[in-house]
Amino acid sequence: MSSRQTTTRTGQQAETTAENYLVAQGLKVITRNFRCRFGEIDLIAIEHNTLVFVEVRYRRTLQHMAVIETLDKSKIQRLITTGEYFLGHNRQYQKLQCRFDFIGISGNSQKPEIEWIKNAFQA
């Protein structure tokens, strides 16, 4: 298996872990891997009257930096623009409040460490 395939599979596993975690917390996941020309949002969910755009990041170890530190300004701007695009094409969600959350996952798949940061940044 190539390095890219391994990275893709690891990312998918992290997204599944995050999705299961959010569902267990009472959120309803409505879309996974929403893509448009501006970028991708890993998970889109609803919590009460709030539409939640979720960025998922995985790091095997936190030895060098916290997982959230992997989000740079460029990625944040792409997430915001992609979220706006999603809302523009899914009018049924436009009356909901919106927020951007971050889920950082570290460790192994058998016993992952999950850090959920609600409202990680503002649009």
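1. Here we look at the overall build of the protein
Across its full length, the protein carries two helices and five strands. Reading the protein from its N terminus to its C terminus gives the helix and strand order α-β-β-β-α-β-β. By the burial criterion, 37% of the 123 residues in the protein qualify as buried. Here the protein displays about 7800 Å² of accessible surface, and carbon together with sulfur accounts for 45% of that area.

2. With respect to the environment of Gly107
Position of Gly107 among the secondary structure elements: in the loop between strand E4 (97–106) and strand E5 (113–121). Relative accessible area serves as the criterion here: at 24%, Gly107 is assigned to the partly exposed category.

3. As for the nonpolar core
The biggest cluster of nonpolar side chains holds 16 residues, and the ones touching the most others in it are Ile44, Leu51, Phe53 and Phe86. For this core, the secondary structure elements donating two or more residues are strand E1 (28–36), strand E2 (39–47), strand E3 (50–59), helix H2 (73–89) and E4. Sort the elements by how many residues they give to this core and H2 lands first, with four residues. Residues contacting Phe53, with those up to four places away along its chain left out, are Ile41, Leu43, Ile44, Gly83, Phe86, Leu87, Cys98, Arg99, Phe100 and Asp101.

4. Remarks on the sheet that holds E2
The strands making up a sheet are joined through hydrogen bonds of the backbone, oriented either antiparallel or parallel. On the basis of which strands lie adjacent, the open sheet formed by five strands has the order E1-E2-E3-E4-E5 and mixed pairing. Where the open sheet ends on each side, the last strands, each with one partner, are E1 and E5. Looking at each pair of strands side by side, their axes are set apart by 30 degrees on average, direction ignored. As paired elements, E4 and E5 share six bridges and run antiparallel to each other. Paired with Ile105 across the bridge in E5 is Ile114.

5. Quick look at the packing of aromatic side chains
Considering all chains together, one arrives at eight aromatic pairs under this definition. Between the aromatic rings of Phe34 and Phe86, the centroid separation amounts to 5.0 Å while the plane-to-plane angle is 85 degrees, which identifies the pairing as edge-to-face. Note that Phe34 is positioned in strand E1 and Phe86 in helix H2, a separation of 52 residues in sequence. Just as Phe34 is buried, Phe86 falls in that class too. Arranged with centres 6.0 Å apart and planes meeting at 85 degrees, the rings of Phe53 and Phe86 form a pair that is edge-to-face. Taken together, the positions of Phe53 in strand E3 and Phe86 in helix H2 put the pair 33 residues apart, joining distant regions of the chain. A relative accessible area of 2% means that Phe53 is categorised as buried. Among the aromatic residues, those joined into a cluster by ring pairs are Phe34, Phe38, Phe53, Tyr85, Phe86, Tyr93, Phe100 and Phe121.

6. Some points on the pairing of E2
In terms of burial, E2 is a largely internal element, seven of the nine residues being buried. Both E1 and E2 contribute to a ladder of seven bridges, which runs antiparallel. Counted as the bridge partner of Arg32 is Leu43 from E2. Hairpin connection, E1 to E2: the antiparallel pair is bridged by two residues.

Conventions and cut-offs
Here, residues in each chain are numbered from 1, in the same order as that chain's written sequence. Local features are withheld for residues below a pLDDT of 70 in this predicted model, meaning they are given only at 70 or higher, and side-chain atom pairs are given and counted only at 80 or more; totals for whole chains, interfaces and linings count all residues. Each side-chain value is derived from all of the structure's non-hydrogen atoms; neither hydrogens nor water enter the calculation. For the purposes of this entry, the term helix denotes a DSSP run of H or I that reaches at least four residues, the term strand denotes a run of E that reaches at least two, and both are numbered from the N terminus. Type-normalised accessible area, obtained with a 1.4 Å probe on protein chains alone, sets the label of each residue: buried when under 20%, exposed when over 50%, and partly exposed for intermediate values. With residues, only the protein chains shown are counted as cover, and all accessible areas are computed by Shrake-Rupley using a 1.4 Å probe. Side-chain atoms within 4.5 Å are what join buried Ala, Val, Leu, Ile, Met, Phe, Trp, Tyr and Cys residues into a set we call a nonpolar core. By the convention used here, residues are in contact when the closest approach between their heavy atoms is within 4.5 Å. In this description, strands pair whenever DSSP reports at least two bridges between them. Structural elements are reduced to axes, namely lines fitted to C-alpha atoms, with helices fitted over the stretch in contact, and the angle between N-to-C directions of any two is expressed from 0 to 180 degrees. Each pair of aromatic rings taken from Phe, Tyr and Trp, with Trp reduced to its six-membered ring, is defined by centres within 6.5 Å and is described as stacked if the planes are under 30 degrees apart, edge-to-face if over 60, and tilted in the remaining cases.

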